[in-house]
Amino acid sequence: MARNVNPSRMRLRLQFGKYTSGTKRNPNTGKYIEEFKPDLTVWGAEWTISQSRQLSLAGNGITDAVEFAIRHNPKVTTDQKLKCKDTVYDIYSIAYDDTGSPKDFDILTCRKVNKHG
C-alpha cells in the first residue's frame, strides 16, 4: 500500500500474463518454446525497497527483489508474471491498497524469472 506515489513516475509499461506454448519449435527437442502472453497492460513505476523490507525478503531467501508501483487493479494477482521492457518477473507479493480512493496504488514485489532453454 502506497499513498504518496507521484503519477508522473508512472513511466513504465508493465504487462501481466502467463507463459503459454508458443508456435515455434525447439529444433533440438521438437518441443514448443514457451512464450509470454500478456493479458493486461498498465502504467507503472519502479519503487525503492526500504531497508526493513530488504531484510524481511532476505530472511525468506530473496536477495534480488524488485518492486513496482501500479494503480490499484484487482485483476493483478500473484499467479501472473510481470514483463517490464524485455525482462519477465515472478510476482512474489502484492501490497494492496483498496481503500477506494482515486490515489490507491499497489506495490508489487517481484523476482526475475530465470529460464533455461
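Above this text you will find the structure in question.
None of the values given here were measured: they were computed from a predicted structure.

Section: the nonpolar core
Step number 1: Among the nonpolar cores identified, the biggest contains 15 residues, and Leu14, Phe16, Phe68, Val76, Leu82, Ile91 and Leu108 are the most heavily contacted of them.
Step number 2: When contributions to this core are tallied by element, the ones reaching two or more residues are β1 (12-25), β2 (32-47), β3 (65-71), β4 (81-84), β5 (87-95) and β6 (105-112).
Step number 3: With residues up to four places along the chain from it excluded, the contact list for leucine 108 reads Phe16, Val66, Glu67, Phe68, Ile70, Val76, Leu82, Ile91, Ser93 and Ile94.
Step number 4: Formed by 6 residues, the second largest nonpolar core is a distinct cluster that contains Val5, Ala45, Ala69 and Phe105.

So, the pairing of β5
Step number 1: In this structure, β4 lies alongside β5, joined through 4 bridges in antiparallel fashion. By the bridge assignment for β5, cysteine 84 is matched with threonine 87.
Step number 2: Hairpin connection of β4 to β5: 2 residues between the antiparallel strands, including lysine 85 at a positive phi of 60°.
Step number 3: Bridging between β5 and β6 involves 6 bridges; their strand directions are antiparallel. From the neighbouring strand, serine 93 faces β6, where its bridge partner is threonine 109.

Quick word on the sheet that holds β6
Step number 1: If you walk around this closed barrel you meet the 6 strands as β1-β2-β3-β6-β5-β4, and the pairing is antiparallel. Neighbour to neighbour, the strand axes of the sheet diverge by 45° on average, direction disregarded.
Step number 2: By the bridge criterion, 4 bridges tie β2 to β3 in an arrangement that is antiparallel. Residue pairing for β3: glycine 44 is matched across the bridge by isoleucine 70.

Some remarks on the pairing of β1
Step number 1: Inspection of the sheet shows β1 paired to β2 by 11 bridges, in the antiparallel sense. Within β2, the position partnered with lysine 18 by the bridge is lysine 37.
Step number 2: Between β1 and β2, which follow one another and run antiparallel, lie 6 residues, and glycine 30 among them has a positive phi close to 85°.
Step number 3: Examined bridge by bridge, β1 and β4 share 4 bridges and lie antiparallel to one another. Directly across from glutamine 15, in β4, lies its bridge partner lysine 83.

Remarks on the side chain of glutamate 67
Step number 1: Mapped onto the elements, glutamate 67 comes out in strand β3.
Step number 2: Since its relative accessible area comes to 5%, glutamate 67 is described here as buried.
Step number 3: Side-chain polar atoms of glutamate 67 contact the side chain of threonine 109, separated by 2.8 Å.
Step number 4: Setting aside residues up to four positions removed in sequence, glutamate 67 forms contacts with Ala45, Glu46, Trp47, Thr48, Ile49, Arg53, Ile107, Leu108 and Thr109.

Quick notes on the pattern of salt bridges
Step number 1: A complete count under the given rule lists 2 salt bridges for this structure.
Step number 2: Its salt-bridge partner being arginine 111, residue aspartate 64 comes within 3.3 Å of it at the nearest N-O pair. Here aspartate 64, found in the loop between α1 (51-59) and β3, pairs with arginine 111, found in strand β6; they are 47 residues apart in sequence, far enough to count as distant.
Step number 3: Taking the shortest distance from any N to any O, the salt bridge between aspartate 90 and lysine 81 comes out at 2.3 Å.
Step number 4: Take aspartate 90: its relative accessible area is 31%, and that puts it in the partly exposed class.

About the cut-offs
- Residues numbered from 1 in each chain as written.
- Predicted model: local features only at pLDDT ≥ 70, side-chain atom pairs only at ≥ 80, totals over all residues.
- Heavy atoms only, no water.
- Core = buried A, V, L, I, M, F, W, Y, C linked by side-chain atoms within 4.5 Å.
- Buried < 20%, exposed > 50% of the residue type's maximum accessible area, 1.4 Å probe, protein only.
- Helix = DSSP H or I, 4+ residues; strand = E, 2+ residues; numbered from the N terminus.
- Contact = heavy atoms within 4.5 Å.
- Pairing = 2+ DSSP bridges.
- Axes fitted to C-alpha atoms, helices over the stretch in contact; angles between N-to-C directions.
- Polar contact = N/O pair within 3.5 Å; in protein donor to acceptor, adjacent residues only side chain to side chain.
- Salt bridge = Lys/Arg side-chain N within 4 Å of Asp/Glu carboxyl O.

So far we have only geometry, and geometry alone does not tell us how the molecule works.
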